[in-house]
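Okay, here's what each chain looks like letter by letter:
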Amino acid sequence: MSDVVVAIEDLHVTFSTPRGEVRALRGVSLEVRAGRMVCLIGESGSGKSVTGRALMGLLPAHSARIGPGSMRLHQEELLGKSESAMRSIRGRRIAMIFQDPSRALNPTRRIGDQVGEAIKIHFPERRPSAVRSKVLEHLDSVKLPDAARVAKKYPHELSGGMRQRVAIAMALSAEPEVLVADEPTTALDVTTQVQILDLLRSLQRSRGMSVLLITHDMGVAAHYADDVAVMYAGRVVERAPAAELFADVEMPYTQALLESLPSARAGRGALQTIPGGPPDLALGISGCAFAPRCRFVTSQCKQQPATREVAGGHVFECWHPVGKESR
Ligand SMILES: Nc1ncnc2c1ncn2[C@@H]1O[C@H](COP(=O)(O)OP(=O)(O)OP(=O)(O)O)[C@@H](O)[C@H]1O
Ligand SMILES: [Mg+2]
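Thresholds applied
- Throughout, a residue's number is its position along its own chain's written sequence, starting from 1.
- Written order determines the labels here, with chains lettered from A and ligands numbered from 1.
- Whole-chain, interface and lining totals are the exception, using all residues; otherwise, since this is a predicted model, local features are given only for residues with pLDDT of at least 70 and side-chain atom pairs are given and counted only at 80 or more.
- Neither water nor hydrogens contribute to the side-chain values; these are computed over all heavy atoms in the structure.
- Note that the domain bounds were set by an automatic or database domain assignment.
- Note on definitions: a residue-residue contact is assigned when non-hydrogen atoms from the two residues lie within 4.5 Å.
- The buried area of a pairing is the accessible area, by a 1.4 Å probe, that goes missing from both parts when the two are put together, added over both.
- The term salt bridge refers to a side-chain nitrogen of Lys or Arg lying within 4 Å of a carboxyl oxygen of Asp or Glu.
- The term polar contact refers here to a pair of N or O atoms within 3.5 Å; inside protein, the definition further demands a hydrogen-donor-capable atom paired with an acceptor-capable atom, and it admits residues adjacent in sequence only when both atoms are side-chain atoms.
- Following the grouping adopted for this structure description, the nonpolar residues are Ala, Val, Leu, Ile, Met, Phe, Trp, Tyr, Cys and Pro, the charged ones are Asp, Glu, Lys and Arg, and the polar ones are all others, Gly among them.
- UniProt positions are given in the numbering used here, feature names are shortened, and annotations may be inferred rather than shown by experiment.
- Secondary structure elements are taken from DSSP: a helix is a run of H or I of four residues or more, a strand is a run of E of two residues or more, and numbering for both begins at the N terminus.
- Here the term buried applies to any residue with accessible area under 20% of the maximum for its type, exposed to any over 50%, and partly exposed to those in between, with areas from a 1.4 Å probe on protein chains only.
- When DSSP finds two or more bridges between a pair of strands, those strands are recorded as paired.
- Angular values range over 0 to 180 degrees, each being the angle between N-to-C directions of two axes fitted as lines to C-alpha atoms, with helices fitted over their stretch in contact.
- A molecule or strand has a residue near it when one of that residue's heavy atoms lies within 4 Å.
- We get accessible surface area from the Shrake-Rupley algorithm with a probe of 1.4 Å; when it comes to residues, only the shown protein chains can shield them.
- Whenever a pair of cysteine sulfur atoms sits within 2.5 Å, that pair is classed as a disulfide.
- Here a Phe, Tyr or Trp ring, Trp counted by its six-membered ring, pairs with any other such ring whose centre lies within 6.5 Å, and the pair is stacked when the planes are under 30 degrees apart, edge-to-face when over 60, and tilted otherwise.

## Regarding the domain arrangement of the protein chain
Here comes step 1: Each assigned domain of the protein chain is listed here: domain 1 (4–93 + 179–195 + 203–326) and domain 2 (103–175).
Here comes step 2: Each of domain 1 and domain 2 was reduced to a C-alpha centroid, and the two centroids are 31 Å apart.
Here comes step 3: In this complex, domain 1 contributes twelve residues to the contact, which on the side of domain 2 involves 15 residues.
Here comes step 4: Looking at the side of domain 1 facing domain 2, the largest losses of area belong to R92, L203 and R207, adding up to 48% of the total buried there.
Here comes step 5: On the surface where domain 1 and domain 2 come into contact, there are zero salt bridges.
Here comes step 6: Viewed at the interface, domain 2 and domain 1 are joined by three residue pairs in polar contact (both at pLDDT 80 or more).
Here comes step 7: Along the lines of polarity and charge, the residues of the side of domain 1 that touches domain 2 split into five nonpolar, three polar and four charged.

Below is the structure:
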């Protein structure tokens, strides 16, 4: 498909740790299409952040081994690119925002100077007056009230939600094609979370940008995603356009995540949690990684299930699907 902006295929990432090799990504495949919001969802430790960082070329060089596999931006292979080549892509064509906006902000400099600096890095030819007006435009675009006043402030003078808006303004100042947002609202209160996610979606729509939104919250995915990719133990185990996925879940793990949603349990008593925990990625995993926790497990699950496609773009890997494919 020609509208695929980011294509990750069978990507492996291994960390060398004192405990031995941690196989964090064990063959991740994922697509981000033009102008779509893709939610990458899964429990803690499933490899969501490692996937986002791999794409940005931000994995620690001393301990991470990336590959085999492939990561393409349009037709361009990113895997194996030099750090200097990645520097021209990172921020400019693919930008990232993090859970903690303070990471993106320098505590000792005024907001306006920092946003201006970000603009100058990517557009060095812009004149100072043009940069100044762009700063205000960007602060305005993230719905900060009174951009001129905010520009004069230091990060500590802003609330967490306002700091995250500034971080988004900085990430978008280079007009990237792709934005990776790694749990951008987990540090914020619930009302602010909704405001920031609404803002991200409206910016994504108005700019025709592609967003990879990393979250562990199925409720967020259900509300905001155009496409959903579910990760488990270093693999994407099910992915589909959101409407298709919520109409027809195939993978028991996805079903279990949905059952743990507050709306799914309304009036049904206790929160349904998934028994057990994810496997230790430092140990070899063979077959389906979810098998030890799955209520449908059989001896077949000792073999890695093949990837199956149910409908356009709806793929999953499971021997015992629970949706249409089971009938
Ligand atoms: N720098 C590192 N060194 C060693 N292991 C790492 C490193 N970074 C991540 N890992 C391991 O890789 C696996 C995936 O981690 P990752 O941070 O991607 O999980 P996640 O899905 O983002 O979880 P969370 O929801 O908690 O943020 C985990 O087992 C983690 O311990
Ligand atoms: Mg993470």
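## Points about the UniProt feature "domain: ABC transporter" (unreviewed entry) in the protein chain
Here comes step 1: In the numbering used here, UniProt assigns the feature "domain: ABC transporter" (unreviewed entry) to residues 6–258.
Here comes step 2: The annotated region residues 6–258 carries 39% helix and 27% strand content, and the separation between its end C-alpha atoms amounts to 27 Å.

## Quick word on the environment of M86
Here comes step 1: Inspection of the secondary structure puts M86 in helix α2 (residues 83–89).
Here comes step 2: It is 9.7 Å that separates the C-alpha atoms of M86 and L55, two residues lying 31 residues apart in sequence.
Here comes step 3: The contact partners of M86, leaving out residues within four places of it in the chain, are L55, M56, G57, L78 and K81.

## A look at the pattern of salt bridges
Here comes step 1: Summed over the entire model, instances satisfying the criterion amount to 18 salt bridges.
Here comes step 2: The shortest N-O distance in the salt bridge between R33 and D227 comes to 3.8 Å. Here R33 is found in strand β2 (residues 20–33), whereas its partner D227 is found in strand β10 (residues 227–232), with 194 residues between them in sequence.
Here comes step 3: Assessed through its relative accessible area of 9%, D227 is described here as buried.

## Considering the sheet that holds β10
Here comes step 1: One open sheet accounts for eight strands, arranged β7-β8-β9-β3-β10-β11-β13-β12; its pairing is mixed. Each end of this open sheet is capped by a strand with a single partner; those strands are β7 (94–97) and β12 (307–311). Along the sheet, successive strands turn relative to each other by an average axial angle of 20°, direction set aside.
Here comes step 2: Contacts between helix α1 (residues 48–56) and the sheet are confined to β3 (37–41), β7, β8 (178–182), β9 (210–215) and β10, with β7 contributing the most and set at about 145° to the helix.

## What about the site of ligand 1?
Here comes step 1: What surrounds ligand 1 is a group of 14 residues, the closest being S44, G45, K48, S49 and V50.
Here comes step 2: S44 places a side-chain nitrogen or oxygen 2.5 Å from an oxygen atom of ligand 1.
Here comes step 3: Interatomic distance of 2.8 Å between a backbone N/O atom of G45 and an oxygen atom of ligand 1.
Here comes step 4: Here ligand 1 loses 65% of its free accessible area of 630 Å² to cover by the protein chains.
Here comes step 5: At three residues, the largest contribution of residues to the shell around ligand 1 is made by α1.

## A few points about the pairing of β7
Here comes step 1: Burial along β7 is two-sided: I94 and M96 and A95 and I97, pointing in opposite directions, are all buried.
Here comes step 2: Bridge analysis of β7 against β8 gives four bridges, and the strand direction is parallel. Across the sheet, M96 pairs through a bridge with V180, a residue of β8.

## Some words on the side chain of H138
Here comes step 1: Position of H138 relative to the elements: it lies in helix α4 (residues 128–141).
Here comes step 2: Overall, H138 belongs to the buried group, its relative accessible area being 3%.
Here comes step 3: The contacts of H138, once residues within four sequence positions are left out, are I119, A169, L172, S173 and R207.

## Things to note about the environment of P278
Here comes step 1: Tracing the sequence through the fold places P278 in the loop between α11 (262–265) and β12.
Here comes step 2: It is 6.6 Å that separates the C-alpha atoms of P278 and A233, two residues lying 45 residues apart in sequence.
Here comes step 3: Every residue in contact with P278, bar those within four places of it in the chain, is listed here: E43, S44, Y232 and R293.

## Things to note about the state of the cysteines
Here comes step 1: Summed over all chains, the structure comprises zero disulfides.
Here comes step 2: Free cysteine C318: the closest other cysteine sulfur is in C294, separated by 6.1 Å.
Here comes step 3: Judged by relative accessible area, which is 7%, C318 ranks as buried.

## Brief notes about the packing of aromatic side chains
Here comes step 1: Tallied over the entire structure, the rule returns three aromatic pairs.
Here comes step 2: Taking 4.6 Å as the distance between ring centres and 55° as the angle between the ring planes, the aromatic pair formed by Y232 and Y253 counts as tilted. Of the two residues, Y232 is situated in strand β10 and Y253 in helix α10 (residues 252–259); the sequence distance between them amounts to 21 residues. Across this residue pair, the class does not change: Y232 and Y253 are buried.
Here comes step 3: Between Y232 and F290, the aromatic rings sit 5.3 Å apart at their centres with planes inclined by 80°, giving edge-to-face as the arrangement. Pair noted here: Y232 is in strand β10 and F290 is in the loop between α11 and β12, with a separation of 58 residues, a long-range link. Per residue, the accessibility class of Y232 equals that of F290, and both read buried.

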